[in-house]
Amino acid sequence: MRTEIPADSPRLGIIRRYFDRLPVSESTPIVTLHEGGTPLIRSARLSEEVDAEVWLKYEGLNPTGSFKDRGMTVAISKALEDGSRAVVCASTGNTSASAAAYAGRAGLVCAVLIPRGNVALGKLSQALAHDARVLEIDGNFDVALNLTKEMATAYPITLVNSVNPHRIEGQKTGAFEVVEDLGRAPDLHVMPVGNAGNITAYWRGYREAQQAGWSGTLPKMYGFQAAGANPIVRGEAMSDPRTVATAIRIGNPASWSGASEAADSSGGAIGSVRDKEIVEAYRNLAAEGIFVELASAAGVAGLRQLKERGLVPPGATVTCVLTGHGLKDPDWAIAGAARPKLVPAEVRPILQELELA
Ligand SMILES: *Cc1c(COP(=O)(O)O)cnc(C)c1O
(Lines give C-alpha, C1' and ligand atoms only; values in the text may rest on other atoms or scores of the structure.)
Protein backbone atom coordinates (compact mmCIF):
# COMPACT_ATOMS: atom_id res chain seq x y z
CA MET A 1 0.00 0.00 0.00
CA ARG A 2 1.35 3.40 -0.91
CA THR A 3 -0.05 6.50 0.72
CA GLU A 4 0.72 10.17 0.26
CA ILE A 5 2.66 11.88 3.03
CA PRO A 6 0.22 14.51 4.38
CA ALA A 7 1.11 18.11 3.48
CA ASP A 8 1.59 19.03 7.13
CA SER A 9 3.88 16.12 8.00
CA PRO A 10 7.18 17.12 9.58
CA ARG A 11 8.74 14.31 7.54
CA LEU A 12 8.44 16.37 4.34
CA GLY A 13 11.38 18.61 5.23
CA ILE A 14 10.96 22.28 6.06
CA ILE A 15 10.54 23.66 2.53
CA ARG A 16 7.56 21.49 1.55
CA ARG A 17 6.12 21.79 5.05
CA TYR A 18 6.29 25.63 5.13
CA PHE A 19 6.34 26.34 1.40
CA ASP A 20 4.16 29.49 1.56
CA ARG A 21 6.31 31.10 4.24
CA LEU A 22 9.71 30.67 2.57
CA PRO A 23 11.35 32.47 -0.39
CA VAL A 24 10.61 29.61 -2.80
CA SER A 25 8.26 29.04 -5.74
CA GLU A 26 7.10 26.14 -7.92
CA SER A 27 10.27 26.55 -9.99
CA THR A 28 12.60 26.07 -7.00
CA PRO A 29 14.27 22.65 -7.12
CA ILE A 30 13.89 21.42 -3.55
CA VAL A 31 17.10 19.97 -2.12
CA THR A 32 16.20 18.26 1.13
CA LEU A 33 17.39 15.62 3.57
CA HIS A 34 14.05 15.88 5.39
CA GLU A 35 15.42 18.22 8.03
CA GLY A 36 13.27 19.73 10.78
CA GLY A 37 10.46 18.01 12.64
CA THR A 38 12.79 17.65 15.62
CA PRO A 39 11.30 16.73 19.00
CA LEU A 40 10.38 19.15 21.76
CA ILE A 41 11.28 17.19 24.88
CA ARG A 42 10.06 18.14 28.35
CA SER A 43 12.87 18.09 30.91
CA ALA A 44 11.53 16.89 34.25
CA ARG A 45 14.76 17.76 36.04
CA LEU A 46 15.11 21.28 34.71
CA SER A 47 11.39 21.96 35.17
CA GLU A 48 11.68 21.07 38.82
CA GLU A 49 14.95 22.93 39.27
CA VAL A 50 13.68 26.26 37.94
CA ASP A 51 10.01 25.77 38.90
CA ALA A 52 8.77 26.14 35.32
CA GLU A 53 7.76 24.00 32.35
CA VAL A 54 11.04 23.52 30.47
CA TRP A 55 10.98 22.16 26.91
CA LEU A 56 14.11 21.26 24.95
CA LYS A 57 14.12 21.64 21.16
CA TYR A 58 16.58 18.90 20.22
CA GLU A 59 18.12 20.20 17.00
CA GLY A 60 20.93 17.65 17.14
CA LEU A 61 18.50 15.28 15.44
CA ASN A 62 18.70 17.10 12.11
CA PRO A 63 20.38 15.17 9.23
CA THR A 64 23.92 16.48 9.80
CA GLY A 65 23.50 16.92 13.54
CA SER A 66 22.73 20.63 13.91
CA PHE A 67 20.09 23.26 13.19
CA LYS A 68 22.26 24.51 10.30
CA ASP A 69 20.37 22.05 8.05
CA ARG A 70 17.16 24.14 8.27
CA GLY A 71 18.93 27.08 6.68
CA MET A 72 21.06 25.02 4.33
CA THR A 73 18.13 23.30 2.60
CA VAL A 74 16.86 26.75 1.57
CA ALA A 75 20.30 28.19 0.74
CA ILE A 76 21.27 25.23 -1.46
CA SER A 77 17.86 24.99 -3.17
CA LYS A 78 18.10 28.69 -4.07
CA ALA A 79 21.70 28.29 -5.24
CA LEU A 80 20.54 25.58 -7.64
CA GLU A 81 17.57 27.66 -8.79
CA ASP A 82 19.85 30.65 -9.42
CA GLY A 83 22.20 28.59 -11.61
CA SER A 84 25.17 28.37 -9.25
CA ARG A 85 27.74 25.71 -10.03
CA ALA A 86 29.32 25.65 -6.60
CA VAL A 87 28.86 26.81 -3.03
CA VAL A 88 31.58 28.10 -0.75
CA CYS A 89 31.97 28.72 2.97
CA ALA A 90 34.71 29.55 5.44
CA SER A 91 34.01 27.22 8.35
CA THR A 92 35.51 24.26 10.12
CA GLY A 93 32.35 23.41 11.98
CA ASN A 94 28.69 22.69 11.49
CA THR A 95 28.21 25.08 8.57
CA SER A 96 30.71 23.18 6.42
CA ALA A 97 29.22 19.81 7.46
CA SER A 98 25.75 20.92 6.42
CA ALA A 99 26.87 22.73 3.26
CA ALA A 100 28.82 19.67 2.08
CA ALA A 101 25.89 17.30 2.63
CA TYR A 102 23.29 19.45 0.85
CA ALA A 103 25.67 20.41 -1.96
CA GLY A 104 26.42 16.72 -2.48
CA ARG A 105 22.72 16.03 -2.76
CA ALA A 106 22.31 18.86 -5.28
CA GLY A 107 25.30 17.80 -7.34
CA LEU A 108 27.09 21.09 -6.62
CA VAL A 109 30.76 21.49 -5.77
CA CYS A 110 31.22 22.52 -2.13
CA ALA A 111 34.39 24.48 -1.40
CA VAL A 112 35.44 24.94 2.21
CA LEU A 113 38.16 27.52 2.86
CA ILE A 114 39.97 27.20 6.16
CA PRO A 115 42.64 29.42 7.70
CA ARG A 116 46.22 28.22 7.66
CA GLY A 117 47.49 26.18 10.62
CA ASN A 118 45.71 24.41 13.48
CA VAL A 119 43.64 22.34 11.12
CA ALA A 120 41.85 19.81 13.28
CA LEU A 121 40.67 17.37 10.63
CA GLY A 122 38.31 15.73 13.13
CA LYS A 123 36.14 18.84 13.04
CA LEU A 124 36.02 18.50 9.25
CA SER A 125 35.20 14.80 9.15
CA GLN A 126 31.64 15.33 7.91
CA ALA A 127 32.64 17.82 5.21
CA LEU A 128 35.35 15.42 4.04
CA ALA A 129 32.96 12.46 4.08
CA HIS A 130 30.52 14.38 1.87
CA ASP A 131 33.32 15.11 -0.64
CA ALA A 132 33.74 18.81 0.02
CA ARG A 133 36.86 20.39 -1.49
CA VAL A 134 38.69 21.62 1.59
CA LEU A 135 41.40 24.20 0.88
CA GLU A 136 43.79 25.65 3.43
CA ILE A 137 44.30 29.33 2.77
CA ASP A 138 47.56 31.14 3.45
CA GLY A 139 45.89 33.61 5.83
CA ASN A 140 43.60 33.88 8.86
CA PHE A 141 39.83 33.39 9.12
CA ASP A 142 39.00 36.94 7.98
CA VAL A 143 41.15 36.49 4.87
CA ALA A 144 39.33 33.21 4.10
CA LEU A 145 35.93 34.84 4.59
CA ASN A 146 36.81 37.79 2.35
CA LEU A 147 37.93 35.39 -0.37
CA THR A 148 34.60 33.55 -0.22
CA LYS A 149 32.79 36.88 -0.67
CA GLU A 150 34.97 37.79 -3.63
CA MET A 151 34.38 34.41 -5.27
CA ALA A 152 30.61 34.74 -4.80
CA THR A 153 30.54 38.24 -6.27
CA ALA A 154 32.47 37.50 -9.44
CA TYR A 155 31.55 33.89 -10.26
CA PRO A 156 28.46 31.61 -10.32
CA ILE A 157 29.26 30.52 -6.79
CA THR A 158 26.96 30.94 -3.79
CA LEU A 159 28.26 31.94 -0.38
CA VAL A 160 26.55 29.86 2.31
CA ASN A 161 28.10 31.37 5.45
CA SER A 162 25.67 32.99 7.89
CA VAL A 163 25.49 36.19 5.81
CA ASN A 164 23.36 34.24 3.30
CA PRO A 165 19.82 35.56 4.01
CA HIS A 166 18.14 32.31 2.93
CA ARG A 167 19.68 30.54 5.89
CA ILE A 168 17.86 32.74 8.39
CA GLU A 169 14.62 32.19 6.49
CA GLY A 170 14.98 28.42 6.80
CA GLN A 171 16.01 28.56 10.44
CA LYS A 172 12.89 30.48 11.47
CA THR A 173 10.91 27.24 10.97
CA GLY A 174 12.27 26.05 14.33
CA ALA A 175 9.97 28.62 15.97
CA PHE A 176 7.01 27.46 13.86
CA GLU A 177 7.48 23.91 15.14
CA VAL A 178 7.73 25.04 18.77
CA VAL A 179 4.45 26.97 18.43
CA GLU A 180 2.79 23.95 16.82
CA ASP A 181 3.93 21.61 19.58
CA LEU A 182 3.00 23.92 22.47
CA GLY A 183 -0.16 25.29 20.84
CA ARG A 184 1.27 28.79 21.39
CA ALA A 185 4.61 30.58 21.84
CA PRO A 186 6.51 29.93 25.09
CA ASP A 187 6.80 32.68 27.73
CA LEU A 188 10.60 32.55 27.64
CA HIS A 189 12.82 31.36 24.80
CA VAL A 190 16.47 30.67 25.66
CA MET A 191 19.33 29.77 23.28
CA PRO A 192 23.07 30.01 22.58
CA VAL A 193 24.40 32.88 20.46
CA GLY A 194 27.44 32.78 18.18
CA ASN A 195 27.05 34.62 14.88
CA ALA A 196 23.51 35.39 16.09
CA GLY A 197 21.76 34.18 12.95
CA ASN A 198 19.68 31.64 14.83
CA ILE A 199 18.29 34.02 17.46
CA THR A 200 17.45 36.42 14.63
CA ALA A 201 15.68 33.56 12.87
CA TYR A 202 13.68 32.36 15.89
CA TRP A 203 12.48 35.90 16.65
CA ARG A 204 11.35 36.29 13.04
CA GLY A 205 9.61 32.91 13.25
CA TYR A 206 7.74 33.78 16.43
CA ARG A 207 6.58 37.10 15.01
CA GLU A 208 5.35 35.45 11.82
CA ALA A 209 3.58 32.79 13.89
CA GLN A 210 1.81 35.56 15.78
CA GLN A 211 0.83 37.37 12.58
CA ALA A 212 -0.51 34.09 11.20
CA GLY A 213 -2.69 33.71 14.29
CA TRP A 214 -0.93 30.54 15.51
CA SER A 215 -0.03 32.22 18.80
CA GLY A 216 -1.57 35.17 20.58
CA THR A 217 1.67 35.96 22.39
CA LEU A 218 5.40 36.40 21.80
CA PRO A 219 8.19 35.03 24.02
CA LYS A 220 10.87 37.03 25.80
CA MET A 221 14.05 36.16 23.89
CA TYR A 222 17.20 35.38 25.89
CA GLY A 223 20.46 34.63 24.07
CA PHE A 224 23.66 33.48 25.75
CA GLN A 225 27.24 33.91 24.61
CA ALA A 226 30.24 32.33 26.33
CA ALA A 227 31.90 34.67 28.85
CA GLY A 228 35.18 34.61 26.89
CA ALA A 229 33.42 35.29 23.60
CA ASN A 230 30.77 37.86 24.48
CA PRO A 231 31.11 40.84 22.10
CA ILE A 232 27.39 41.69 22.23
CA VAL A 233 27.41 41.86 26.03
CA ARG A 234 30.56 44.03 25.97
CA GLY A 235 29.29 46.17 23.14
CA GLU A 236 32.45 45.74 21.06
CA ALA A 237 33.98 43.18 18.73
CA MET A 238 36.68 40.88 20.13
CA SER A 239 39.77 39.83 18.17
CA ASP A 240 40.61 36.80 20.31
CA PRO A 241 37.39 35.16 21.54
CA ARG A 242 37.93 32.14 23.79
CA THR A 243 35.63 29.36 24.92
CA VAL A 244 35.53 25.57 24.97
CA ALA A 245 32.22 25.84 23.10
CA THR A 246 33.73 26.16 19.61
CA ALA A 247 30.41 26.67 17.79
CA ILE A 248 29.92 29.98 19.62
CA ARG A 249 33.55 31.13 19.60
CA ILE A 250 32.73 34.27 17.60
CA GLY A 251 34.24 37.71 18.14
CA ASN A 252 32.19 39.77 15.70
CA PRO A 253 28.73 38.26 15.06
CA ALA A 254 27.40 38.61 11.50
CA SER A 255 23.82 39.10 12.76
CA TRP A 256 24.66 41.32 15.75
CA SER A 257 21.83 43.77 15.08
CA GLY A 258 19.32 40.93 14.70
CA ALA A 259 20.22 39.60 18.14
CA SER A 260 19.94 43.04 19.75
CA GLU A 261 16.60 43.60 18.06
CA ALA A 262 15.25 40.24 19.27
CA ALA A 263 16.34 40.88 22.85
CA ASP A 264 15.23 44.52 23.01
CA SER A 265 11.87 44.31 21.33
CA SER A 266 10.84 41.12 23.17
CA GLY A 267 11.83 42.37 26.62
CA GLY A 268 14.60 39.77 26.90
CA ALA A 269 18.39 40.16 26.91
CA ILE A 270 21.73 38.88 25.64
CA GLY A 271 23.88 37.53 28.46
CA SER A 272 26.91 35.35 28.95
CA VAL A 273 27.76 32.17 30.83
CA ARG A 274 31.12 30.81 31.97
CA ASP A 275 32.70 27.75 30.36
CA LYS A 276 32.40 25.91 33.69
CA GLU A 277 28.64 26.48 33.69
CA ILE A 278 28.39 25.34 30.06
CA VAL A 279 30.23 22.10 30.83
CA GLU A 280 28.06 21.45 33.88
CA ALA A 281 24.85 21.94 31.87
CA TYR A 282 26.28 19.67 29.15
CA ARG A 283 26.85 16.89 31.71
CA ASN A 284 23.42 17.34 33.30
CA LEU A 285 21.68 17.11 29.93
CA ALA A 286 23.63 13.97 29.03
CA ALA A 287 22.71 12.40 32.39
CA GLU A 288 19.05 12.95 31.45
CA GLY A 289 19.59 11.13 28.15
CA ILE A 290 20.12 14.13 25.89
CA PHE A 291 23.56 14.36 24.31
CA VAL A 292 24.42 17.78 22.93
CA GLU A 293 27.39 19.74 21.69
CA LEU A 294 29.01 21.98 24.32
CA ALA A 295 27.72 25.17 22.68
CA SER A 296 24.18 23.83 22.87
CA ALA A 297 24.38 23.70 26.64
CA ALA A 298 24.96 27.47 26.88
CA GLY A 299 21.21 28.09 26.72
CA VAL A 300 20.52 25.74 29.63
CA ALA A 301 23.35 27.34 31.66
CA GLY A 302 21.74 30.66 30.81
CA LEU A 303 18.34 29.49 32.04
CA ARG A 304 19.89 28.74 35.44
CA GLN A 305 21.31 32.24 35.53
CA LEU A 306 17.90 33.72 34.69
CA LYS A 307 16.39 31.72 37.55
CA GLU A 308 18.99 33.06 39.99
CA ARG A 309 18.23 36.59 38.86
CA GLY A 310 14.51 36.05 39.46
CA LEU A 311 13.65 36.29 35.76
CA VAL A 312 11.78 32.98 35.47
CA PRO A 313 8.18 33.42 36.69
CA PRO A 314 6.91 30.33 38.56
CA GLY A 315 5.12 27.96 36.20
CA ALA A 316 6.32 29.79 33.07
CA THR A 317 6.63 27.85 29.81
CA VAL A 318 10.27 27.91 28.69
CA THR A 319 11.92 26.57 25.54
CA CYS A 320 15.67 25.97 25.21
CA VAL A 321 17.16 25.27 21.79
CA LEU A 322 19.76 22.49 21.91
CA THR A 323 21.57 23.44 18.71
CA GLY A 324 23.80 20.45 17.93
CA HIS A 325 24.46 16.78 18.69
CA GLY A 326 26.96 15.57 21.28
CA LEU A 327 28.52 13.11 18.84
CA LYS A 328 30.03 16.10 17.04
CA ASP A 329 32.68 16.30 19.73
CA PRO A 330 32.78 13.05 21.74
CA ASP A 331 36.20 13.94 23.20
CA TRP A 332 34.44 16.05 25.79
CA ALA A 333 32.35 13.14 27.03
CA ILE A 334 35.40 10.93 27.32
CA ALA A 335 37.48 13.63 29.03
CA GLY A 336 35.09 13.86 31.96
CA ALA A 337 34.57 10.14 32.46
CA ALA A 338 36.35 7.74 34.82
CA ARG A 339 38.20 4.81 33.25
CA PRO A 340 36.28 1.50 33.36
CA LYS A 341 37.05 -0.35 36.59
CA LEU A 342 38.38 -3.92 36.45
CA VAL A 343 36.20 -6.41 38.37
CA PRO A 344 36.26 -10.23 38.61
CA ALA A 345 34.16 -12.08 36.03
CA GLU A 346 31.43 -12.98 38.52
CA VAL A 347 27.97 -11.59 39.11
CA ARG A 348 28.28 -10.80 42.83
CA PRO A 349 31.28 -8.44 42.67
CA ILE A 350 29.69 -6.67 39.70
CA LEU A 351 26.47 -6.13 41.66
CA GLN A 352 28.50 -4.97 44.68
CA GLU A 353 30.42 -2.51 42.54
CA LEU A 354 27.10 -1.18 41.21
CA GLU A 355 25.78 -0.98 44.77
CA LEU A 356 22.90 -3.23 43.74
CA ALA A 357 23.72 -5.97 46.25
C1 LIG B 1 26.09 27.58 14.57
C2 LIG B 1 25.88 27.04 15.93
C3 LIG B 1 25.58 27.87 17.03
C4 LIG B 1 25.51 29.35 16.93
O5 LIG B 1 24.44 29.79 16.14
P6 LIG B 1 24.45 31.28 15.54
O7 LIG B 1 23.35 31.32 14.57
O8 LIG B 1 25.80 31.47 14.91
O9 LIG B 1 24.26 32.20 16.70
C10 LIG B 1 25.36 27.28 18.25
N11 LIG B 1 25.45 25.94 18.41
C12 LIG B 1 25.72 25.11 17.39
C13 LIG B 1 25.81 23.65 17.65
C14 LIG B 1 25.95 25.64 16.11
O15 LIG B 1 26.25 24.80 15.10
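Please read these numbers as outputs of a predicted model, since none were measured by experiment.

Description of the overall build of the chain
Of the regular secondary structure elements, the chain holds 15 helices and 10 strands. With respect to the principal axes defined by its C-alpha atoms, the chain has extents near 70 × 60 × 50 Å. When burial is assessed residue by residue, the chain has 51% of its 357 residues classed as buried. When contacts within the chain are restricted to residue pairs at least 6 apart in sequence, those whose partners lie at least 24 apart make up 68%. Taken as a whole, the chain presents about 16,600 Å² of accessible surface, with 51% of it coming from carbon and sulfur.

Quick notes on the nonpolar core
Grouped together as the largest cluster of nonpolar side chains are 35 residues, with contacts concentrated most on Leu56 and Val318. Each residue touching leucine 56, except ones within four places of it in the same chain, is listed here: Pro39, Leu40, Ile41, Ser43, Leu46, Leu285, Ile290, Val300, Cys320 and Leu322. Core analysis: the next-biggest nonpolar cluster, separate from the first, contains 27 residues, Leu22, Leu40, Met191 and Tyr202 among them.

Focus on the site of the ligand
Around the ligand, the structure places 15 residues, and the nearest of them are Lys68, Asn94, Gly194, Asn195 and Thr323. Within the contact set of the ligand, an oxygen atom lies 2.8 Å away from a backbone nitrogen or oxygen of glycine 194. At a separation of 3.2 Å, an oxygen atom of the ligand approaches a polar backbone atom of glycine 197. Within the complex, the protein chains bury 94% of what would otherwise be the 380 Å² of accessible surface of the ligand. For the shell around the ligand, the class distribution of residues is six nonpolar, seven polar and two charged.

Points about the environment of isoleucine 270
As for its placement among the helices and strands, isoleucine 270 is situated in strand β9 (residues 269-273). Taking relative accessible area as the criterion, isoleucine 270 reaches 17% and is therefore assigned buried. It is 22 Å that separates the C-alpha atoms of isoleucine 270 and threonine 173, two residues lying 97 residues apart in sequence. In this structure isoleucine 270 touches Ile199, Gly223, Gln225, Ile232, Val233, Ala259 and Ala263, once residues within four positions along its chain are discounted.

A look at the side chain of lysine 78
Checked against the element boundaries, lysine 78 lands in helix α3 (residues 68-81). Exposure remark for lysine 78: the relative accessible area of 12% places this residue in the buried category. A distance of 2.9 Å separates a polar side-chain atom of lysine 78 from the backbone oxygen of proline 23. For lysine 78, the contacting residues outside a window of four places in its chain are Pro23, Val24, Thr28 and His166.

Topic: the environment of valine 193
Following the sequence through the fold, valine 193 ends up in the loop between β7 (188-192) and α9 (197-211). The buried category is assigned to valine 193, whose relative accessible area is 2%. Placed 57 residues apart in sequence, valine 193 and isoleucine 250 show a C-alpha to C-alpha distance of 8.9 Å. Ignoring any residue separated from it by four or fewer positions in sequence, one finds valine 193 in contact with Ile199, Gly223, Phe224, Gln225, Ile232 and Ile248.

The rules we used
Residues numbered from 1 in each chain as written. Predicted model: local features only at pLDDT ≥ 70, side-chain atom pairs only at ≥ 80, totals over all residues. Heavy atoms only, no water. Helix = DSSP H or I, 4+ residues; strand = E, 2+ residues; numbered from the N terminus. Buried < 20%, exposed > 50% of the residue type's maximum accessible area, 1.4 Å probe, protein only. Contact = heavy atoms within 4.5 Å. Areas by Shrake-Rupley, 256 points an atom, 1.4 Å probe, with all protein chains shown as cover. Core = buried A, V, L, I, M, F, W, Y, C linked by side-chain atoms within 4.5 Å. Near = heavy atom within 4 Å. Polar contact = N/O pair within 3.5 Å; in protein donor to acceptor, adjacent residues only side chain to side chain. Nonpolar A, V, L, I, M, F, W, Y, C, P; charged D, E, K, R; others polar.

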